[in-house]
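# Structural overview
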Amino acid sequence: MSRITGILRQRKALISFLTAGYPSIERTIETVPKLAAWGCDLVELGIPFSDPLADGATIQRASHHALQNGVTPEVCLEAAARISRTTDVPLVFMTYYNPVLSYGLRDFCRASAGAGVTGLIVPDLPPEEGGDLEDCTAESGLDLIYLLAPTSPDERISLVAERSRGFIYVVSLA
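Being a predicted model, the structure only gives us computed values, none of them experimental. (Residues numbered from 1 in each chain as written. Predicted model: local features only at pLDDT ≥ 70, side-chain atom pairs only at ≥ 80, totals over all residues. Heavy atoms only, no water.)

Moving on, we get to the layout of surface pockets. Put simply, the largest pocket is a space of about 270 Å³. Lining the largest pocket are 14 residues; nearest its centre among them are Ala54, Asp55, Met94, Tyr169 and Val171. (1 Å grid on protein atoms, 1.4 Å probe; cavity = no way out; pocket = protein on both sides within 12 Å on 5 of 7 lines; lining within 4 Å. Points joined across faces, edges and corners; volume = space filled by probe spheres on them.)

Shown next as structure tokens:
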């Protein structure tokens, strides 16, 4: 059983989200342990991306700011490793498929696990195309978390329920 599943089986969980590197990478590193101390059970760290199509305006602005600060997937991995040394709150990277593919699926998963990350959310990766990343996350002990929308048909719900590990991310807007 994964750390995420273990937490969710015990209680309802409070999950927070931060764009890594907004307003600075140091602020991100300082904030996560505070969130854990204030009761967050899990923290999603958004890896900034130049075309965050699944994010709203606020996260798009934060991502843009972080990118302008030079935040890259490598910087996010280093930040996650530093955070993991100061708190045991599970970290989940929320990212897009292109940065993971560019880094190398297996290498990214290994580096993420090595940095203390416990799962990945990749909003632009449908489960029909996620087999390779599923294999790599499983090899590295990471949960791969798929998304559902309020409009998802029953077949899609069944597929995501079968393939998602850790939890299912339910998008609040259609």
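Where helix α6 (residues 105-114) meets helix α7 (residues 131-140), the closest approach of the two axes is 9 Å, and the angle between their N-to-C directions is 35°. Seen from above, α6 lies across α7 with right-handed handedness. Across the interface between the two elements, Leu105, Arg106, Cys109, Arg110 and Ala113 of α6 pack against Asp132, Leu133, Cys136, Thr137, Glu139 and Ser140 of α7. Classifying every residue of the contact of α6 with α7 by side-chain character gives 5 nonpolar, 2 polar and 4 charged. (Axes fitted to C-alpha atoms, helices over the stretch in contact; angles between N-to-C directions. Helix = DSSP H or I, 4+ residues; strand = E, 2+ residues; numbered from the N terminus. Left-handed = near helix turned anticlockwise from the far one by under 90°. Contact = heavy atoms within 4.5 Å. Nonpolar A, V, L, I, M, F, W, Y, C, P; charged D, E, K, R; others polar.)

With that settled, the discussion passes to the packing of aromatic side chains. Under the defined criterion, the tally for this structure stands at 3 aromatic pairs. Seen in terms of ring centroids, Phe93 and Phe108 are 6.1 Å apart; in terms of plane orientation they differ by 35°. Their pairing is tilted. Of this pair, Phe93 sits in strand β3 (residues 91-94) while Phe108 sits in helix α6, placing them 15 residues apart in sequence. Comparing Phe93 with Phe108, the two get one shared label, buried. Ring centres of Tyr103 and Phe108 lie 5.5 Å apart, and the angle between their planes is 80°; on these two criteria the pair is classed as edge-to-face. Under the relative-accessibility criterion, Phe108 is labelled buried at 1%. Three or more aromatic residues joined by ring pairs form one cluster here, namely Phe93, Tyr103 and Phe108. (Phe/Tyr/Trp six-rings, centres within 6.5 Å; stacked < 30°, edge-to-face > 60°. Buried < 20%, exposed > 50% of the residue type's maximum accessible area, 1.4 Å probe, protein only.)

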